[in-house]
Amino acid sequence: MKMSAIIGHRGAAKIAPENTLAGIRTAYDKGVQWVEIDVILLGDGELVIHHDRTLNRCTDGKGELLSLTLPEVRKVDAGVLFASFHGHQFKGEKIPTLREALNLIHSLDMGLNLEIKMHKHSPEELTTRVLDQLQGHPLVEDGKLIISSFDHDVLVICKEKKPEIPVGHLFEKLPANWLEQVKRVSAITVHSNQKLLMKSQAAEVIDAGYELYCYTVNSGKRAVELMSWGVSGVFTDDPETIKAALL
Ligand code: G3P
Ligand code: MG
């Protein structure tokens, strides 16, 4: 599976509110072909695109998403805090549902790395609901979707229930037994924190036949270095900077 060399992180988190439809559209406008977004579960079983366990950092609301319902979450403004630093065009932006994000990404002919974000959910419930929504979606049918997670159990469940959907294994620091973990879930890509990655580790992953992607790379110089190591792509909040560096 080849994602693009530049993958918009949480949409394009430096230039639009993260994990929103506006963020996905902004990434598209900047020429980004693939985006990464995080999916989490609400208290009523609905799936939305959000990174944190609570609403507090990114919205004008408060509280744990796991104890809220979709109508409650839809009331909050996911653009207002971003707008206070970067202009007001994003005011009123909502937290999107997974379905809205899938449909937008497909309509823009983009690819998606969907990160399943575990907070205090049951991995079984969260993963089953995500896979149910992906069932028959054209993004999956067209080979333009890859699931990733830091949570090994989530990836095990994905492979048991939907072996045809490609998965990438997310790591912070690459563990000594990374290959064993990756093999156990038949991951085809390895996603690693660029800050903790050494050149020798990158070589190990690539020599073992896996595509390696690094997050979160907002420095053009670092992007150039990682690509010179053979990394397949970088997740970035700032696609314009990375694009200028890699051209
Ligand atoms: O999927 C790459 C990256 O998004 C993982 O970290 O915390 O930004 O979701 P985080
Ligand atoms: Mg993520």
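Look above for the structure.
Asker: Hey, could you run me through the packing of helix 1 (residues 21–29) against helix 4 (residues 98–107) in this one?
Answerer: A pair of packed helices is captured by two measures, namely the crossing angle of their axes and the spacing between those axes. At their nearest, the axes of helix 1 and helix 4 sit 10 Å apart, and the two run at 15° to each other. Classified by the angle between their axes, helix 1 and helix 4 sit roughly parallel to one another. Crossing hand, helix 1 versus helix 4: right-handed. Packed against helix 1, whose contacting residues are Leu21, Ile24 and Arg25, the element helix 4 presents Glu100, Ala101, Leu104 and Ile105 at the interface. A per-class count over the contact of helix 1 with helix 4 returns five nonpolar, no polar and two charged.

Asker: What should I look at first to understand the site of ligand 1 in this one?
Answerer: Lining the immediate surroundings of ligand 1 are His9, Arg10, Glu36, Asp38, His51, Glu115, Lys117, Phe150, Leu170 and Tyr215. Note that an oxygen atom of ligand 1 is positioned 2.8 Å from one of the side-chain N or O atoms of Arg10. In the environment of ligand 1, an oxygen atom lies 2.7 Å from a nitrogen or oxygen atom belonging to the side chain of His51. Taken together, the residues that form the shell around ligand 1 break down as three nonpolar, two polar and five charged.

Asker: When you look at the pattern of salt bridges in this model, what are you seeing that I'm missing?
Answerer: Two side chains bearing opposite charge may form a pair once their charged atoms approach each other closely. Overall, the coordinates contain 15 salt bridges when judged by the stated rule. In this structure, the salt-bridge partner of Glu18 is Arg57, at a minimum N-O distance of 2.8 Å. Here the residue Glu18 occupies a position in the loop between strand 1 (6–9) and helix 1, and Arg57 occupies one in the loop between strand 3 (47–49) and helix 2 (70–74), the gap between them amounting to 39 residues. Accessibility expressed as a relative area gives 43% for Arg57, which makes it partly exposed. By sharing partners, the salt bridges in this structure join Arg10, Glu18, Asp52 and Arg57 into a single network.

Asker: Whenever I open this one, empty space enclosed by the protein confuses me. Can you help?
Answerer: Any space left empty among the atoms is revealed by the rolling of a water-sized probe across them. Enumeration according to the criterion identifies two cavities of 30 Å³ or more in this entry. Considering only enclosed or pocket space, the largest cavity measures out at about 40 Å³ in volume. Surrounding the largest cavity, Ile40, Leu41, Asp52, Arg53, Leu65, Leu66, His119, Lys120 and His121 form its lining. Within the lining of the largest cavity, the residues separate by chemical class into four nonpolar, two polar and three charged. In this structure, the second largest cavity occupies an estimated 30 Å³ of space. Residue lining of the second largest cavity: Glu18, Asn19, Thr20, Ile49, His50, Cys58, Ala78 and Ile95, and that is the complete set. Residues belonging to the lining of the second largest cavity are distributed by class as follows: four nonpolar, three polar and one charged.

Asker: Explain the coordination of the magnesium ion (ligand 2) to me, please; I cannot follow it from the model alone.
Answerer: Four donors placed tetrahedrally around a metal ideally meet at 109.5 degrees, and six donors placed octahedrally ideally meet at 90 or 180 degrees. For the magnesium ion (ligand 2), the full set of protein donor atoms is Glu36 (OE), Asp38 (OD) and Glu115 (OE), at a range of 2.0 to 2.2 Å. Expressed as a motif, the donor residue spacing for the magnesium ion (ligand 2) is E-x1-D-x76-E. Each member of the pair, Glu36 as well as Asp38, is classed as buried.

Asker: What is the right way to look at the pairing of strand 1 in this model?
Answerer: Successive side chains on a regular strand alternate, one facing one side of the sheet and the next facing the other. Where burial is concerned, the two faces of strand 1 agree: the one with Ile6 and Gly8 and the one with Ile7 and His9 are both buried. Sheet analysis places strand 1 next to strand 2 (residues 34–41), joined by three bridges and oriented parallel. Note on strand 2: the bridge partner recorded for Ile7 is Trp34. Of the crossover connections in this fold, the one passing from strand 1 over helix 1 to the parallel strand 2 is right-handed.

What counts and how
- Residue positions are given per chain, counting from 1 as you read along its sequence in written order.
- The order in which chains are written sets their letters, starting at A; the order in which ligands are written sets their numbers, starting at 1.
- Reporting in this predicted model follows two pLDDT cut-offs: at least 70 for local features of residues, and 80 or more for side-chain atom pairs to be given and counted; totals over whole chains, interfaces and linings ignore these cut-offs and use all residues.
- Side-chain metrics rest on all non-hydrogen atoms present in the structure, leaving aside hydrogens and water.
- The axes are straight lines fitted to the C-alpha atoms, using for helices just the contacting stretch, and the angles between their N-to-C directions are given from 0 to 180°.
- Helix and strand definitions follow DSSP, with helices as H or I runs of at least four residues and strands as E runs of at least two, each counted in order from the N terminus.
- Roughly parallel covers angles under 35 degrees, roughly antiparallel covers those over 145, roughly perpendicular covers 65 to 115, and oblique covers all other angles.
- Left-handed describes a crossing in which the near helix is turned anticlockwise from the far one by less than a right angle; the clockwise case is right-handed.
- Between two residues, a contact is recorded if the distance between any of their heavy atoms is within 4.5 Å.
- Here the nonpolar group is Ala, Val, Leu, Ile, Met, Phe, Trp, Tyr, Cys and Pro; Asp, Glu, Lys and Arg are the charged ones; every other residue, Gly included, is treated as polar.
- A molecule or strand has a residue near it when one of that residue's heavy atoms lies within 4 Å.
- The definition of a polar contact used here is a pair of N or O atoms within 3.5 Å, where within protein one atom must be able to donate a hydrogen and the other to accept one, and adjacent residues in sequence count solely through side-chain atom pairs.
- Within this document, salt bridges are pairs made up of a side-chain nitrogen of Lys or Arg and a carboxyl oxygen of Asp or Glu, the two lying within 4 Å of each other.
- The rule is simple: take the accessible area with a 1.4 Å probe, protein chains only, and divide by the maximum for that residue type; under 20% is buried, over 50% is exposed, in between is partly exposed.
- Residues are said to line a cavity or pocket when one of their atoms sits within 4 Å of a point; the points come from a 1 Å grid over protein atoms alone, cavities being sets where a 1.4 Å probe fits but cannot get out and pockets being open sets with protein on both sides within 12 Å along at least five of seven lines.
- Grid points are joined across faces, edges and corners, and a volume is the space filled by probe spheres set on the points.
- The donor definition counts N, O and S atoms within 2.8 Å of each metal and applies 3.2 Å to Na, K and Ca; water is not among these atoms, so some sites may look incomplete.
- Only when DSSP finds a minimum of two bridges between them are two strands counted as paired.
- Place the viewer so that the strands point away; then a crossover is right-handed whenever the path from the first strand over the helix to the second strand goes clockwise.

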